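Close look at the chain arrangement
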Amino acid sequence: MNRLPSLDTANLTPEQKVVFDAICSGPRGDRLRRLGPVGPFGVWVRSPTIGNAVQTFGAAVRFETRLPERTKEVAICAVGAHYRARFEFAAHAQLAIAAGVPAAVVEAIRGREAPEFDTPNDALSFRITQQLLQRHRLDDALYAEAVATLGEPGLIELVTIIGYYCLVSLTLNAFEIPLTDDMKDPFPEGRE
């Protein structure tokens, strides 16, 4: 159940409209122009100062990093599964598969099972994400492997992506943002 009433884009305040228009002008705009402010954007549009900053940051994290889409999507799915963020996982499971992550890996992440990765980079992305979510830091060995494989800028980007999607997942869960009609509930058994 959505804790927030639906937003009618025709009735946005001028400040909210600026945020919504900024979101729609970027790569994620086609879907939002069609569906309106859904997902976390339906929350952030309501608070224009925060909403504009977060959507700008999110666009940079999602679309302007050097990391391969697969690397990002494995991490995003792992965050969504960790928080049992229904909207987040449903949206990014599709994107992960489109980026080449095998459906069996996405399903294992969803089910909190040990995925059998077919590439070392996917496995590394997952291990980094899991260690940050569970231990809140990286041990020396994983840190060294990550820098050797991703480079320092790549690791910075991956850690930032993980943090951003923690914010997204918490936002979705706090406001109980519903799935869109084209999404399948990844956690029908509950979120805990």
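Residues numbered from 1 in each chain as written. Predicted model: local features only at pLDDT ≥ 70, side-chain atom pairs only at ≥ 80, totals over all residues. Heavy atoms only, no water.

Another aspect to go through is the environment of E176. Within the secondary structure layout, E176 lies in the segment after α9 (140-174). E176 gets classed as partly exposed once you look at its relative accessible area, which sits at 21%. Sequence separation of E176 and P48 is 128 residues, and the distance between their C-alpha atoms is 20 Å. (Helix = DSSP H or I, 4+ residues; strand = E, 2+ residues; numbered from the N terminus. Buried < 20%, exposed > 50% of the residue type's maximum accessible area, 1.4 Å probe, protein only.)

All right, on to the nonpolar core then. If you look at the biggest cluster of nonpolar residues, it comprises 40 residues, and the most contacted ones within it are W44, F87, I128, L158, I162, Y164 and Y165. Elements with a minimum of two residues in this core: α1 (14-24), α3 (39-44), α4 (48-63), α5 (69-83), α6 (86-98), α8 (120-135) and α9. A per-element tally of this core places α9 first, with 12 residues. Look past the residues within four positions of F87 in its chain and what remains in contact with it is V38, G39, P40, L172, I177, P178, L179, T180 and M183. V74, C77, V105 and F187 belong to the second largest nonpolar core, which has 13 residues in total. (Core = buried A, V, L, I, M, F, W, Y, C linked by side-chain atoms within 4.5 Å. Contact = heavy atoms within 4.5 Å.)

The relative placement of two packed helices comes down to the angle between their axes together with the axis-to-axis distance. Contact geometry for α6 and α9: axes closest at 8 Å, N-to-C directions at 130°. When the interaxial angle is binned, α6 and α9 end up oblique. Residues F87, E88 and H92 of α6 form the contact with α9, whose participating residues are Y165, V168, S169 and L172. Of the residues assigned to the contact of α6 with α9, the class counts are 4 nonpolar, 2 polar and 1 charged. (Axes fitted to C-alpha atoms, helices over the stretch in contact; angles between N-to-C directions. Parallel < 35°, antiparallel > 145°, perpendicular 65-115°, else oblique. Nonpolar A, V, L, I, M, F, W, Y, C, P; charged D, E, K, R; others polar.)

This part covers the state of the cysteines. Inspection of the entire model under this criterion finds 0 disulfides. With no disulfide of its own, C77 lies 14 Å from the sulfur of C166, the closest cysteine sulfur. (Disulfide = S-S within 2.5 Å.)

Even without being glycine, R84 reaches a positive phi, approximately 50°. Mapped onto the fold, R84 is located in the loop between α5 and α6. Backbone geometry places H136, a non-glycine residue, at a positive phi of 70°. With respect to the helices and strands, the residue H136 is situated in the loop between α8 and α9.

It is worth spelling out the pattern of salt bridges at this point. Under the definition given, this model contains 11 salt bridges. Between R86 and D185 there is a salt bridge; the shortest N-O distance is 3.2 Å. With R86 in helix α6 and D185 in the segment after α9, this pair connects stretches of sequence that are 99 residues apart. With its nearest N and O atoms 2.4 Å apart, the salt bridge here joins R127 to E145. A residue pair is termed long-range when its members are at least 10 positions apart, and R127 in helix α8 and E145 in helix α9 qualify at 18 residues. Take R127: its relative accessible area is 36%, and that puts it in the partly exposed class. (Salt bridge = Lys/Arg side-chain N within 4 Å of Asp/Glu carboxyl O.)

Among the secondary structure elements, K72 is positioned in helix α5. Polar contacts involving the side chain of K72 include one to the side chain of T65, which spans 3.4 Å. If we skip the residues at most four places from it in the chain, K72 touches V61, R62, T65, L67 and I161. (Polar contact = N/O pair within 3.5 Å; in protein donor to acceptor, adjacent residues only side chain to side chain.)

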